[in-house]
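Geometric and topological summary
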Amino acid sequence: MADAPKLVNITVDGKPVAAPAGTLLIEACKTVGIEVPSFCYYPNLSLQGACRMCLVRVEKMPKLQTACTTGITEGMVVVTDSDEIRQARKSMVEMLLGNHPLDCPVCDAGGECELQDMTFSYGAAESKFIELKQHRDEQQWSPVVYFDRPRCILCYRCVRVCGEGMDVWALGVDNRGAVSTIVPNKQDHLECEECGMCIDICPVGALTSGAYRYKTRPWEMKHVGTTCTHCADGCKTTLGVRRSDTGMEIVRGDNRDKSGINGDFLCIKGRYAFDFANNEDRLTQPLIRKGGRLVPATWEEAFEFVGRRFKEVLDREGGRAIGVIGSTRTTNEENYLLQKFARVALGTNNIDHHRTADFPAFAAALHGKSGATASMRDVYNASAILLIGNDPTEEHPLLAWQIRNNVRLHNARLYVVNSRPIKLRRQAASFTQVTSETDFTEFLGGDESLASFATREGWNAVRDKLRAEQGLVIIFGSEIFGEDIQALARFAASVPGAKLLCLGDYANSRGAADMGLYPDLLPGYFPVSGAGKFHQEWKITPAAPGMNIGQMFEATKTGQLKALYVIGANPVGRLNVNPSTLKNTFVVVQDMFLTETAALADVVLPAANAYEKAGTFTNTCGDIQILKKAGEVTTAKPDFEMIVRIADAIGFDVRKLVPFGHGVHADMGQSRGAQSGEADQHAVWLEANGLEPKMSPFDPVATLDEIQRLVPGYDVSRTELLAGNDQHTSIAAMGPGTVQNPELIVPAKNNLFSSGTLGRYSRTLNSVIENKDPEPADAVPTD
Amino acid sequence: MATLVSHPDEVRIVSKRFGQGATKIDRYLELDGYKAVRKALGMQPDAIINEVKNSGLRGRGGAGFNTGLKWSFVPKQSVKPKYILCNGDESEPGTCKDRLIFEEDPHSVIEGVIIAGLAVGASSGYIYIRGEYRYLLEIMQKAIADAYAKGFLGKNIFGSGRDFEVYWHGGAGAYEVGEESALMESLEGKRGVPRIRPPFPAVVGLWGGPTVINNAETLASVPPIILAGAEWFANLGTPKNGGTRLFCLSGHVNKPGVYELPMGYNLKKMIYEVGGGIPNGRKLKAVVPGGSSCPLLTAEEIDLPMDFDTLMKAGSMLGSGGVVMVDDSTCMVKFALRIMKFYQHESCGWCIPCREGTDWLDKTLTRFHSGGGIRKDIDNIQYLSENMLGRTFCPLGDAAALPTISIVKKFRKEFEDHLEGRPCPFEKKGTVEQLPVFA
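What you see is a predicted model, and the numbers here were worked out from it, not measured in a lab. (Residues numbered from 1 in each chain as written. Chains lettered and ligands numbered in written order. Predicted model: local features only at pLDDT ≥ 70, side-chain atom pairs only at ≥ 80, totals over all residues. Heavy atoms only, no water.)

In summary, the side chains of a regular strand alternate between the two faces of the sheet. Residue and element names in this part refer to chain A. A two-sided burial pattern is seen for strand β16 (residues 322-325), the buried positions comprising Ile322 and Val324 on one face and Gly323 and Ile325 on the other. When β16 meets strand β17 (residues 351-352), the two strands line up parallel, connected through 2 bridges. Within β17, the position partnered with Val324 by the bridge is Ile351. Chirality of the crossover, the property in question, places the unit of β16, helix α8 (residues 332-346) and β17 among those that are right-handed. (Buried < 20%, exposed > 50% of the residue type's maximum accessible area, 1.4 Å probe, protein only. Helix = DSSP H or I, 4+ residues; strand = E, 2+ residues; numbered from the N terminus. Pairing = 2+ DSSP bridges. Right-handed = clockwise from strand over helix to strand, strands pointing away.)

What follows is the structure, encoded as structure tokens:
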């Protein structure tokens, strides 16, 4: 750590303020609760001094000074509020409103508009101008970005966040004076990453979202901060929900709650791709195959049928004839429950999921080495980053944001090793292009026999530089697996303070791995064959490893596998399974859509998605975060509930799966969460009816209790977690792990605009893809 | 080509080679050209700076900052290269002096740039010439090429072992770029928008390097100071206002033109003796003393010496030397409108008060002059101007506000004469489209 900077003492409105030298006056004021208004100032973006709202009086200065551009100096005496200052701000607002259309009643930003707020605080009630306003028609710049010039106050926040924050530079300023206007990079439209940051950061309604505009008034929504269900980075997204005839409809995703690990950031998926939830193809009732066709059934009928058929298989052939495939997008509690259901209720280790990274090998490499993993926050603060493989700009947008802004704001040194010239090389202090996967190994191992090659000598130089770094974070993608992770960990051990980060692909890929969706590993990477606390606690656990996904589908061909239980996954589509091989297997699928797998199932149960339930996700860094229920589709059920109901239908005592009863823990947000006030309403309702809070068997909190108790490294602060803060879990504290069969690790290869199966059902993502200039069409991956 | 004027009271220092064919380098050399730089090559940098400082030379672009002092702010040691930047983006209405220097004596600017470079330790300089002065660019290009050919620029200048490069750059047509930090942005190929200061150009300027930015006339004044000494120059003017300056007489005056007069020359004398008075027997109504950005002086306020400090005391500015006479046939509402149209057009749009303020003032004044004014507008024009003043990002907002405020204050009656739908008393009937009155 650098030495603490020298404190400078100033006086603001008579209050003493001490802040580090170089602090901007506007920021120093915040530390004592004095808010200096501004439009153009935005933390971590370049300074503008353009809006003149933050004018303050600094003693000994002849003119009012902009607090956003003035650095504090010792003994500075500042007044932030006086008649003179209020008049200055009032006149700025008056001048802005001179050309502003004042169409607040129909403006998307009405009610959450900084210009409205500023007018309320400082503005005049009387209009001094009778001149015609300048009008220009609104423009559509992309499927998701609309621009309404007359509302624009030219604060240039959009231009800066696009350029400085995103390194996209798709927005600029055209013309000058009163006819200055923000313009897109392609004359009349945008070619960009469609992140929507420009919309989020716009203080007024000049930039609006194609997915949201004119849908509702902000105050008609409830706002639920939850975790994004798309990539593995785990951004917090605030979903605006509104009552609809099918429950609660999600009408907007944005980033109004800046408290998440993503700070200001959200990509297109976190912001707009919640719309799969409202897709018309969504399943609305359970389906049972009768006479070769899937026909609607009641929930009772469906659970009873599944229970009966599973029981038949269990009675006849035992658990080894049943396979379970879990999801990378269900919660930790659901994944934990699922593998426990498989192992305890079905008595099988035939459980697997779509693996996108070799987390078991990562666990093995770091076993017992506490403090050697990097959180998403560490990436933003590390003094140096080594990025091996992957293209975070496309596959891990938040990670890319953290890297870029760490380089931009903290002068971190970025070392990129990749087989492709990825975009992040623009921030890189060094870019090493390797040509094949074996090159990665050589780069890591530094095979001295090859040192005579010129390029290899270059690698040695990079390795030497890396070894000299303090606080290095090493990030690697799916190019590195198995023994290579061991090699990388050895390299990391040679660099003092180095931390590692392993990149998986889906929202809860890491959680699925941590929760033991493996045929040979229990939660926390403990081998199934061992005799640990899981064996003691669960009493019956099969000791032999089960079948992996590939083996399961092989076993359906030979008739060994009689039943397959698939939750939130589409292995048939992904592995291109021949439908005829499943004709003698009883297949149960829980999903939102009739995927390739669901279409072949005997029973399909409509599932709620991650935005419609409570629980936790673990991002690829191992940061655990809470999910709060935002949307609701009354015809779907959370996977958690369905697993319990099926266990019950088999005749299994569900108390052995989920301990429930009198609750001792806070509501996790199974109702819509404290942010919307509904938890309080629920408490009032309980009180009024003389009831005590009680947990139902479908409440995941009890399972979270068990996870925190039994999975080492997950014993993070529950208070922090419930408050919506990220908590870094420790893989080092977990079990010994193992090196996996690399063929089972298949990266999702999602880009900015694709998101496995979910992406296929997002109208917004599809419309953006259709509007892009044609590029070589990679098949959209499935999960 | 400009027609040159003269008057016996003139003291020809900067303009001494005007009309002498000094654009040709050999002729320039005959007329003491490049002597000062040869002398400066033998001087210590601090000695050059002190000479300029002591001469009382103040920036001729309008701000009037002591030139030598400005040079002394440049750090001695710098990791990044230092630059000399000649501001030739002369765009102030009423000011047309740099144009004559470029046209008649381009080498004096080059020589000034080199000397400034020697003083602060820079080895390259840029001469930025207003975009509309396209024809002057050709003259400057040739002058620079000739200086290179003679070995006065490039490697080992004058055989001294020192190197110095000079580049020319043409503007793209923005008044705003006359502001020094906007000029640097423009020169770097960006939008002509001013920079936040601090850091000041002397520390972080062009391409991030320490930079001296001086007006063309300021730089052209440097060689005579080096040759004849600080004391000589200082004694030409009044205390703290050393030397002479080029005054550009225009508007309602019999003998318009650029005259080089000692600092502190009496304004009344300048108008009636040097300029030959007001044409057609009309009476003087007002004077713009230093370019359109300056508050106007009434005919009663003109008996004063033209130096930076006196004008400041009189509530106006010496500015950039553009002295514009306004006679009693002029409608001051229209005059305010014309000035505002200029600033509305030239506002870069960066900050709210200048961008929106000039636009609304333009609209309101247009309506007002056309008979659509209401009493409230008069206060509103003043209100808007006063709320722009001192609160804009750069001085352009002040430049728009100051003359407007002075016109409303000093000629309020003329505004009142336009009220209640009355046609402009100064315009011929029917020449101004009458707008309806909204009451």
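The subject of this paragraph is the domain arrangement of chain A. Under the domain assignment used here, chain A contains domain 1 (7-81), domain 2 (96-278 + 749-783), domain 3 (287-356 + 509-731) and domain 4 (359-503). If you average the C-alpha positions of domain 1 of chain A and of domain 3 of chain A, the two centres end up 53 Å apart. (Domains from an automatic or database assignment.)

Attention shifts here to the packing of helix α9 (residues 359-366) of chain A against helix α15 (residues 483-493) of chain A. Working note: a packed helix pair is described by the angle between its axes plus the distance between those axes. Residue and element names in this part refer to chain A. Put simply, α9 and α15 touch, their axes get as near as 9 Å, and they point 35° apart. The two elements α9 and α15 cross, and the hand of that crossing is right-handed. Facing α9, whose interface residues are Ala361, Phe362, Ala364, Ala365 and Leu366, α15 presents Ile485, Gln486 and Ala489. Residue classes in the contact of α9 with α15 are distributed as 7 nonpolar, 1 polar and no charged. (Axes fitted to C-alpha atoms, helices over the stretch in contact; angles between N-to-C directions. Left-handed = near helix turned anticlockwise from the far one by under 90°. Contact = heavy atoms within 4.5 Å. Nonpolar A, V, L, I, M, F, W, Y, C, P; charged D, E, K, R; others polar.)

This paragraph deals with the domain arrangement of chain B. All names here are of chain B. What the domain assignment lists for chain B is domain 1 (25-236), domain 2 (244-327) and domain 3 (332-428). Taking only C-alpha atoms, the centre of domain 2 and the centre of domain 3 are 22 Å apart. Listed per partner, the contact involves 13 residues of domain 2 and 13 residues of domain 3. Carbon and sulfur atoms make up 67% of the surface buried where domain 2 meets domain 3, a total of about 1000 Å² over both sides. Inspection of the region where domain 2 meets domain 3 yields 2 salt bridges. Note that Lys410 is salt-bridged to Glu301, the shortest N-O span being 3.0 Å. Linking domain 2 with domain 3 are 6 residue pairs in polar contact (both at pLDDT 80 or more). Where the side of domain 2 that touches domain 3 is concerned, the elements lending two or more residues are β8 (284-288) and β9 (297-298). Ranked by residues supplied to the side of domain 2 that touches domain 3, first place goes to β8 with 3 residues. (Buried area = accessible area lost by both parts, 1.4 Å probe. Salt bridge = Lys/Arg side-chain N within 4 Å of Asp/Glu carboxyl O. Polar contact = N/O pair within 3.5 Å; in protein donor to acceptor, adjacent residues only side chain to side chain.)

Turning our eyes to something else, we now look at the pairing of strand β14 (residues 287-290) of chain A. All names here are of chain A. Taken together, the 4 bridges between β14 and strand β15 (residues 293-296) define a ladder with antiparallel strand orientation. By the bridge assignment, Arg289 is partnered in β15 with Leu294. In sequence, β14 turns back onto β15 through a hairpin of 2 residues, with Gly291 there showing a positive phi of about 60°. Taken together, the 2 bridges between β14 and strand β27 (residues 603-606) define a ladder with antiparallel strand orientation. Across the sheet, residue Ile288 finds its bridge partner in β27, namely Val603.

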